[in-house]
Amino acid sequence: MRKALVAGNWKMNGSLEANRALLSALMEAIPGHDAVDVAVCPPALYLPSVIAQLQDHAIEVGGQDCSDEKSGAFTGEIAADMLREIGCRYAIVGHSERRAREQEDSLWVARKFVAAQAAGLVPILCVGELLEDREAGRTESVVAEQLDAVLDLAGVEALSSGVVAYEPVWAIGTGLTASPEQAAEVHAFIRNRVAARSTSVAASLRILYGGSVKADNAAGLFALPDIDGGLIGGASLDADAFTAIVNAAVGVQSQESA
Ligand code: PGA
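Being a predicted model, the structure only gives us computed values, none of them experimental. (Residues numbered from 1 in each chain as written. Predicted model: local features only at pLDDT ≥ 70, side-chain atom pairs only at ≥ 80, totals over all residues. Heavy atoms only, no water.)

1. So, the overall build of the chain
Heads up, the rule is: Each helix corresponds to a stretch of at least 4 residues labelled H or I by DSSP, and each strand to a stretch of at least 2 residues labelled E; elements are numbered beginning at the N terminus. Radius of gyration here is computed from C-alpha atoms only, and the compact-globule reference equals 2.2 Å multiplied by the residue count raised to the power 0.38. Accessible area is worked out with a 1.4 Å probe on protein chains only. A residue is then buried under 20% of its type maximum, exposed over 50%, and partly exposed in between. Whether two residues are in contact is decided by their heavy atoms, any of which lying within 4.5 Å being enough. Where accessible areas are quoted, they stem from the Shrake-Rupley method and a 1.4 Å probe; at the residue level, only the protein chains shown are allowed to cover.
Helix and strand counts for the chain come out as eleven helices and eight strands. Taken over C-alpha atoms, the radius of gyration comes to 17 Å for the chain, in line with the 18 Å a tight globule of 258 residues would show. In terms of overall dimensions, the chain has C-alpha extents of about 50 × 45 × 35 Å along its principal axes. The buried share among the 258 residues of the chain stands at 53%. In the chain, once contacts between residues fewer than 6 apart in sequence are set aside, the share between residues at least 24 apart is 73%. Carbon together with sulfur atoms contributes 52% to the accessible area of the chain, which is approximately 11,300 Å² in total.

2. As for a nonpolar patch on the surface
As a reminder of what qualifies: For patch detection, residues must exceed 30% relative accessible area and be free of salt bridges, and they are connected within 9 Å for like charges or within 5 Å for nonpolar side chains (Val, Leu, Ile, Met, Phe, Trp, Tyr). A carboxyl oxygen of Asp or Glu within 4 Å of a side-chain nitrogen of Lys or Arg is what we treat as a salt bridge.
Judged by side-chain polarity, Leu 107, Val 114 and Leu 153 come together as a nonpolar surface patch covering roughly 240 Å² of accessible area. Relative to the helices and strands, Val 114 is located in helix α5 (residues 106–118).

3. Focus: the state of the cysteines
The test is simple: Two cysteine sulfurs form a disulfide in these notes if their separation is within 2.5 Å.
As enumerated under the stated definition, the model contains zero disulfides in all. Note on Cys 41: no disulfide assigned, nearest cysteine sulfur contributed by Cys 88 at a separation of 7.9 Å. Residue classification places Cys 41 among the buried residues on the basis of a relative accessible area of 0%.

4. Things to note about the nonpolar core
We apply this condition: In this description, a nonpolar core means a group of buried Ala, Val, Leu, Ile, Met, Phe, Trp, Tyr and Cys residues linked to one another through side-chain atoms lying within 4.5 Å.
Counting residues in each nonpolar core, the largest one holds 72 residues, and the members touching the most others are Val 40 and Phe 222. With nine residues, the single largest contributor to this core is helix α11 (residues 239–257). When residues no more than four places from it in sequence are discounted, the contact partners of Val 40 are Gly 8, Trp 10, Leu 23, Leu 26, Val 50, Leu 54, Ile 59, Glu 60, Val 61, Gly 62 and Phe 242. Grouped together as the second largest cluster of nonpolar side chains are 13 residues, Ala 7, Val 122, Ile 124 and Leu 208 included.

Interpretation note: all reported values are geometric properties and have no functional meaning in isolation.
Okay, here's the thing in structure tokens:
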């Protein structure tokens, strides 16, 4: 059985004080789980203090992005080795907000995936279509292009220690969630696409859903066969909501293993 992952993407939110309060609430409410991995991804500046506070706690930490380069003249960028050195386990790559604002294309994102993995991080590769893509019937071709860039550059085996997050762009921060049918369809598409290259990698690949996951819709989404947890934006800033989402994943995992 695949171990679920629930990761909070704090985006550009927080402050030293707010982070401390949020983390102490989470540390109390979320014990270590055998069935579910939990992570938070704060803004890069806060990584050291978040990692220090979470020391000896099962909640792990990730960066929201990393450079595709190892070191050198890349002003403002953060290398995957640096994230690893200070204690990150994960790095999100290819979030739609970066694909849109920073014009990161799929090859660039694939290079970040490779860099993260080479540094010993678990990359969380975000893929997902715009509303106009969905309406034009292009969901699968958009997701395929984003996924294939990584499969082609890194090789399918690389995904055996990576994570994919399907995040329909129209569902991010909008309060719109993909219906269970819509999410299930794309998750199955992703798994089948990986299976075409390796059935064993596809079977073990964790595919998260992201896009307006909340306490009240998490259990329904996580119960779908190809959904292995979530990448949570807005709701990860609220200790009660994030805890409820983690508990939803734990509940689904224990039902499945029963
Ligand atoms: P949201 O964001 O949960 O606020 O929709 C998800 C994400 O962007 O990862």
